[in-house]
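So the chains spell out like this:
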2 protein chains.
Amino acid sequence: MERARARKPRIKEERVTSAHGAGGKASQTLTEALFLEELRNPHLEKLEDGAELTLGDSRLALTTDSFVVSPLFFPGGDIGELAVNGTVNDLAVSGARPLYLSAGFIIEEGFPVSELRRVVRSMSQAAERAGVRVVTGDTKVVQKGRADGCYINTTGVGVRETVHELGIDTVRPGDAVLVSGPVGDHGVTVMLERGELDIDADLESDTAPLHDMVAGLLAATPGVRAMRDATRGGVATILNEVATAANVSVVVEEGEVPVRTEVRGASELLGIDPLYVACEGRMVAVVDGESVDTALAALREHPDGAEAAVIGRIGEDPPGLVMLNTAFGGTRIVDLLVGDPLPRIC
Amino acid sequence: MERARARKPRIKEERVTSAHGAGGKASQTLTEALFLEELRNPHLEKLEDGAELTLGDSRLALTTDSFVVSPLFFPGGDIGELAVNGTVNDLAVSGARPLYLSAGFIIEEGFPVSELRRVVRSMSQAAERAGVRVVTGDTKVVQKGRADGCYINTTGVGVRETVHELGIDTVRPGDAVLVSGPVGDHGVTVMLERGELDIDADLESDTAPLHDMVAGLLAATPGVRAMRDATRGGVATILNEVATAANVSVVVEEGEVPVRTEVRGASELLGIDPLYVACEGRMVAVVDGESVDTALAALREHPDGAEAAVIGRIGEDPPGLVMLNTAFGGTRIVDLLVGDPLPRIC
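Because the structure is predicted, anything quoted here is derived from the model rather than measured.

**Q** Give me the UniProt feature "domain: PurM-like C-terminal" (unreviewed entry) in chain A: which residues, what numbers.
**A** This chain's UniProt record puts "domain: PurM-like C-terminal" (unreviewed entry) on residues 172-318 of chain A. Taken end to end, residues 172-318 of chain A comprises 35% helix and 18% strand; its first and last C-alpha atoms sit 13 Å apart.

Rendered as structure tokens:
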């Protein structure tokens, strides 16, 4: 079984749709057929979440993310905390120590100053927790109806000090796939807060900085191949990226994936697999087969990793595909997300 | 004459207004009383357009800007070119060589893919002209009516190689103030393109990268105290920042300020002094008194600086104020902008 990867991606739509921002198939096509096509350079070509830059004797990482989550405040966090943790995590999983952030605000006229203060205070607390500083910023205001409260871009600079050569293209058959905790809490929490599902559940966003857990994992074993934080598109999207980049298969055991009962229930109502639901404080790590126990122990040693689990393994066939062994004994393909079932969750 | 600077700024408004994004008084209060108050750290305290960071042996500059200009396309440029040049210029005038940019897009659902491509292609050309690379990016899509076509954040990393110690707080009485060309072209061009003024004028945005002209100026003379690109709030806002930071007076000769006839005419209709109108490819430089001729020659040597001029000088009294000697022989105070006469021009 082979997938036609050689064909140059083409954007079929004439207009940008919600799916182009969802992290799945349409996002990938937009990135490759438009952004990469027009801006092509060796840094961008890697299509990693961040770029690695060499400056003098330093190896820097640079990563950017805009946050448009709705609502701005939700159980367990808010857009400010998300904006700090999201960028901290992109740096951390690339193997960089997060150091500095910029913050760009686009604010809708009429937005309460008290809410803005609450958001910025939350950023400040998140920055302190993650050991980073917000060192520069910008504020733009647009008319009512030209934004939605406030949007935040954070761009992060980190320094790569590890000797680990990380990258999803280094993944090999025989490797193991781990997640650092239950998946989908963030995405479902936001959906519930919007009132789009007629259920009550005692659930909180998992938003958290991953830098500390990453440091622990890297210190414990040289067998780490790649790490990713599972945001838009969830764990399934990351595993698809791994399968494609390394030209391997990924086989996931559904029964091993930690999912809270509330998340499972809400996902069923939404008709979506929890594997596609965004987390904001969970990572996927691929480690070589011999390092599984050490890696799992290192993750579990961290308070946020107590429920870490080995959820799958890397195989040879079929290359480029993610297969799920279901709890009922079947097997199905876990493809990239089509459409945007969970808009604006980050 | 003394101004009450010691009083802690306080935000009087309960809701964010257009003026909070205009670069004038309200912007300054929001920055100091909210962003700085909540996020305070030594880097942010300088309230410069960018932060200076030390990493290993390198001195880096980091700066961020979001672009929300309306319309997206205007004579002489578009939001993509603006987004590259704006951040390149913030780096350049801080004395850093611009190297890398991130690009974060917030796109309104329904935005034509062809227009997005046009914007990104324009970014690519601007990046090439400025010698920088867009190395990482992010795309978010929001529902119709939650943005306005597309907004772009660019964050830039540069390296400081100059030995010049630049900063508006180093400005001294006896220094001279220069501008690199006619002021206000960009702001008026955008206003005309919106059709908000019932006049026709053959005018183009001055959007351009300043890195080359800055390098020429710094190479020509060690007497450069400070440089700023004159964007939101125009030249007047920068001069007020200089007056306050260095506790000096700035005396501007109205007759020496280069202003195109079309810009002067449109400004009159708008009831605004061209000194407040945004440029996107002009800089203000303050140099010591002995370096005036060298500095002016260096600016004029650059194609974009052919109309550079010495527009004023730094004095002692009244400290903290910008005074304008008008063409008619009078003198008036040029204060910080109140309100937002030119919304969304960058």
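We are not done yet, so read on.
**Q** Residues and numbers for helix α9 (residues 292-301) of chain B, please.
**A** Residue and element names in this part refer to chain B. Residues of α9 that are buried: Val292, Ala295, Leu296, Ala298 and Leu299. The buried residues of α9 occupy one face: seen down the axis, they fall within an arc of 160 degrees. Opposite the buried face of α9, by more than 90 degrees, sit the exposed residues Asp293 and Glu301. Residues of α9 that are buried make contact with β8 (176-179), α6 (211-220), β11 (283-287) and β12 (309-315).

**Q** A description of the interface of chain B and chain A should follow, citing residues and the corresponding values.
**A** Taken residue by residue, the interface counts 79 residues in chain B and 80 residues in chain A. Summing both sides of the interface, chain B and chain A together bury roughly 6800 Å²; the carbon and sulfur share of this comes to 63%. If you sort the residues of chain B by the area they bury against chain A, B:Val16, B:Glu38 and B:Lys140 come out on top, with a joint share of 10%. Here chain B is connected to chain A by 10 salt bridges. Between A:Lys140 and B:Asp65 there is a salt bridge, with its nearest N and O atoms 3.1 Å apart. The tally of links between chain B and chain A comes to 37 residue pairs in polar contact (both at pLDDT 80 or more). Put simply, the parts of the chain that give the side of chain B that touches chain A at least two residues each are α1 (25-39), α2 (42-45), β1 (50-55), β2 (58-67), β5 (96-108), α4 (113-130), β6 (133-142) and β7 (150-160) of chain B. Among the elements that line the side of chain B that touches chain A, the one with the most residues is β6(B), at 10 residues. Looking at the side of chain B that touches chain A residue by residue, the classes come out as 37 nonpolar, 24 polar and 18 charged.

**Q** Residue-level account of unusual backbone geometry, with values.
**A** Residues and elements named next belong to chain A. Note that the residue after aspartate 317, namely proline 318, is joined by a cis bond; omega there is -10 degrees. Looking at the secondary structure, you find proline 318 in the loop between β12 (309-315) and β13 (322-325). The backbone of asparagine 247 shows a phi angle near 55 degrees, a positive value even though the residue is not glycine. Looking at the secondary structure, you find asparagine 247 in the loop between α7 (234-246) and β10 (249-253).

**Q** For the sheet that holds strand β2 (residues 58-67) of chain A, give the residues involved together with the corresponding values.
**A** All names here are of chain A. In space, the five strands of this open sheet follow the order β1-β2-β7-β5-β6, with mixed pairing throughout. The sheet is open, and its two edges are formed by β1 (50-55) and β6 (133-142), each paired on a single side. The sheet shows a mean angle of 20 degrees between the axes of neighbouring strands, taken without regard to direction. Bridge count for strand β5 (residues 96-108) against strand β7 (residues 150-160) is 11 bridges, and the pairing is antiparallel. Following the sheet pairing, alanine 103 is matched in β7 by threonine 154.

**Q** Before we move on, can you summarise the sheet that holds β2(B) with the specific residues and values?
**A** All names here are of chain B. Judged by pairing direction, the sheet is mixed, and its five strands sit side by side in the order β1-β2-β7-β5-β6 without closing on themselves. Each edge of the open sheet carries a strand with a single partner, namely β1 and β6. Pairwise comparison of adjacent strand axes, ignoring direction, gives a mean angle of 20 degrees for this sheet. Bridge count between β1 and β2: six bridges; the pairing is antiparallel.

**Q** Explain the packing of helix α4 (residues 113-130) of chain A against α1(B) to me, using residue names and the numbers behind them.
**A** Each pair of packed helices can be described by the angle between their axes along with the distance between the axes. Running from amino to carboxyl end, α4(A) crosses α1(B) at an angle of 30 degrees, the nearest separation of the two axes being 8 Å. Taken as axis vectors, α4(A) and α1(B) run roughly parallel relative to one another. Here α4(A) contributes A:Val113, A:Leu116, A:Arg117, A:Val120, A:Arg121, A:Met123 and A:Ser124 to the contact with α1(B), which in turn contributes B:Leu30, B:Ala33, B:Leu34, B:Phe35, B:Glu37, B:Glu38 and B:Leu39. For the contact of α4(A) with α1(B), the per-class residue count stands at nine nonpolar, one polar and four charged.

**Q** Explain the relation of the copies chain B and chain A residue by residue, including any values.
**A** Note on the copies: chain B fits chain A at an RMSD of 0.0 Å, the axial shift is 0.0 Å, and the rotation between them is 180 degrees. Classification of the inter-copy transformation places it as that of a two-fold axis. When the interface residues of chain B are mapped onto chain A, 100% of them are again interface residues, pointing to one common binding face.

**Q** With reference to specific residues and values, describe the domain arrangement of chain A.
**A** A common way to report how large an interface is uses the accessible area buried once the components associate. Residue and element names in this part refer to chain A. Entries for chain A in the domain assignment read domain 1 (50-160) and domain 2 (168-333). Of the residues lining the interface, 20 residues belong to domain 1; the matching set on domain 2 comes to 21 residues. Counting each side, the surface lost to burial between domain 1 and domain 2 is near 1700 Å², with a carbon and sulfur contribution of 60%. For the domain 1 face of the interface with domain 2, the top three residues by lost area are Pro75, Asn89 and Val93, together amounting to 33%. Scanning the region where domain 1 abuts domain 2 turns up one salt bridge. When the shortest N-O distance is used, the salt bridge between arginine 129 and aspartate 304 registers 3.6 Å. Taken together, domain 1 and domain 2 are joined by six residue pairs in polar contact (both at pLDDT 80 or more). Counting residues per element, the ones that place at least two in the side of domain 1 that touches domain 2 are β3 (73-74), α3 (79-93) and α4. It is α3 that contributes the most residues to the side of domain 1 that touches domain 2, nine residues altogether. Of the residues belonging to the side of domain 1 that touches domain 2, the class tally is 11 nonpolar, six polar and three charged.

Analysis parameters
- Residues numbered from 1 in each chain as written.
- Chains lettered and ligands numbered in written order.
- Predicted model: local features only at pLDDT ≥ 70, side-chain atom pairs only at ≥ 80, totals over all residues.
- Heavy atoms only, no water.
- UniProt positions renumbered as here; feature names shortened; annotations may be inferred.
- Helix = DSSP H or I, 4+ residues; strand = E, 2+ residues; numbered from the N terminus.
- Buried < 20%, exposed > 50% of the residue type's maximum accessible area, 1.4 Å probe, protein only.
- Arc of directions from axis to C-beta.
- Contact = heavy atoms within 4.5 Å.
- Buried area = accessible area lost by both parts, 1.4 Å probe.
- Salt bridge = Lys/Arg side-chain N within 4 Å of Asp/Glu carboxyl O.
- Polar contact = N/O pair within 3.5 Å; in protein donor to acceptor, adjacent residues only side chain to side chain.
- Nonpolar A, V, L, I, M, F, W, Y, C, P; charged D, E, K, R; others polar.
- Pairing = 2+ DSSP bridges.
- Axes fitted to C-alpha atoms, helices over the stretch in contact; angles between N-to-C directions.
- Parallel < 35°, antiparallel > 145°, perpendicular 65-115°, else oblique.
- Least-squares fit on C-alpha atoms with pLDDT ≥ 70 in both.
- Domains from an automatic or database assignment.

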